Amino acid sequence: IILDSTTAIELDSASGDITFMDGGVAQLSLDMDGTSGEVILQLNVDSDDLVFKQYDGTEILRLNDDGSALISGNTTFGADDTGVDVRIFSATASEGVLYDASEDELGLLLTTKLSFHDIGGDENIHASSNGHLEINSGTTLDMTAPTVDINASTAVTIDGPRVTIANSAASSPVLHLTNTHAGATSAELRFNKDSASGADNDVMGKISFYGTDDSDNAHEELAYMDAYIVEADHGSEAAGMRFFVAE
């Protein structure tokens, strides 16, 4: 059947349903009044996908029978200098991803994680609560830049058994403690012996110096200084300092 008209071609169904058939079997239906406010295009053969192609046969969009969709090409949302919001919902209420065009922000809502390498792994960034951002790594977290600035208005806390600063350049590394206050006070290097049961001879802090011999054997302690508690009785506290060198 060829429909050729110099004006409009109208298909008018009193029931609001139009069905396309192949050999007497319904393939595709158009329901124009079954649900208020909706026009429904529906495949009528189970396991069929709905596919959209270009003139040259290149597939652009596939709506799969399992409910997933495949876009075979670049995808643009909105227009430049206009924009649209994009929301990706989660299986957990109020979580997921939101791009807010009016704020120019991509948000991972609530505790949604930005994960790297695999899903469910240990490498991720997320906000565990309002005002608390976590950066996690299963083994190593590397930051590489000519300068790394950490700005904190109250404190920087490192919870770990060891902090290493290493450099291969001459006379490096150098640790600077700089105080810019226009007063008589200075920066402070503080050792806290935070024991619930302080006792005589407890060492409160130690600065040690390690070096190697002319055979490049393992590093060994060649000098150190420490401060220790001489008297731990409350109200009679006393301390001492000791200096040691290898001879």
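Just above, that's the structure.
Residues numbered from 1 in each chain as written. Predicted model: local features only at pLDDT ≥ 70, side-chain atom pairs only at ≥ 80, totals over all residues. Heavy atoms only, no water.

A look at the overall build of the chain
Point 1. Per the secondary structure count, the chain includes zero helices and 15 strands.
Point 2. Over its C-alpha atoms, taken along the principal directions, the chain stretches across nearly 110 × 50 × 40 Å.
Point 3. Taken over 247 residues, the chain has a buried fraction of 9%.
Point 4. In the chain, the proportion of contacts linking residues at least 24 apart, taken out of those at least 6 apart, comes to 8%.
Point 5. Accessible surface, the chain as shown: approximately 21,100 Å² in total, 51% of it carbon and sulfur.
Point 6. Computed over 9 positive and 44 negative side-chain charges, the inter-centroid distance for the chain is 13 Å. (Helix = DSSP H or I, 4+ residues; strand = E, 2+ residues; numbered from the N terminus. Buried < 20%, exposed > 50% of the residue type's maximum accessible area, 1.4 Å probe, protein only. Contact = heavy atoms within 4.5 Å. Areas by Shrake-Rupley, 256 points an atom, 1.4 Å probe, with all protein chains shown as cover. Lys, Arg positive; Asp, Glu negative; His and termini not counted. Charge placed at Lys NZ, Arg CZ, Asp CG, Glu CD.)

Regarding the pairing of strand β7 (residues 86-89)
Point 1. Two strands pair when backbone bridges link them, and β7 and strand β8 (residues 96-100) are joined in this way by four bridges, in the antiparallel orientation. Counterpart to Ile88 in the pairing with β8 is Val97.
Point 2. Hairpin geometry of β7 and β8 is characterised by an intervening segment of six residues between the two adjacent antiparallel strands and by a positive phi of about 70° at Ser94. (Pairing = 2+ DSSP bridges.)

Quick word on the environment of Ile40
Point 1. Counting through the fold element by element, Ile40 comes out in strand β3 (residues 40-43).
Point 2. Accessibility expressed as a relative area gives 27% for Ile40, which makes it partly exposed.

Re the sheet that holds strand β9 (residues 105-109)
Point 1. Pairing in this open sheet of three strands is antiparallel, and the strands run β7-β8-β9 from one edge to the other. Every interior strand has two partners, whereas the edge strands, β7 and β9, have only one. Geometrically, the sheet is characterised by an average inter-axis angle of 15° between neighbouring strands, direction not taken into account.
Point 2. Across five bridges, the pairing between β8 and β9 is antiparallel. If you follow Val97 over to β9, its bridge partner there is Leu108. (Axes fitted to C-alpha atoms, helices over the stretch in contact; angles between N-to-C directions.)

Some points on the side chain of Glu59
Point 1. With respect to the helices and strands, the residue Glu59 is situated in strand β5 (residues 59-63).
Point 2. At a separation of 2.7 Å, a polar atom in the side chain of Glu59 contacts the side chain of Arg62.
Point 3. Beyond its immediate stretch of four places on either side in the chain, Glu59 contacts Val51, Phe52, Lys53, Leu70 and Ser72. (Polar contact = N/O pair within 3.5 Å; in protein donor to acceptor, adjacent residues only side chain to side chain.)

Some words on the packing of aromatic side chains
Point 1. Scanning the model with the defined rule gives one aromatic pair in all.
Point 2. Directly above the ring of Phe89 sits Arg87, whose terminal nitrogen or CZ lies 4.2 Å from the centroid.
Point 3. Looking at Arg242, its charged tip hangs above the ring of Tyr228, at a distance of 4.1 Å from the centre. (Phe/Tyr/Trp six-rings, centres within 6.5 Å; stacked < 30°, edge-to-face > 60°. Lys NZ or Arg CZ within 6 Å of the ring centre and 35° of its normal.)

A short note on the pattern of salt bridges
Point 1. The final tally for this structure, using the stated rule, is five salt bridges.
Point 2. Measuring nitrogen to oxygen at the nearest pair gives 2.7 Å for the salt bridge that ties Arg62 to Glu59.
Point 3. Residues joined by salt bridges that share partners form a network here, namely Asp49, Glu59 and Arg62. (Salt bridge = Lys/Arg side-chain N within 4 Å of Asp/Glu carboxyl O.)

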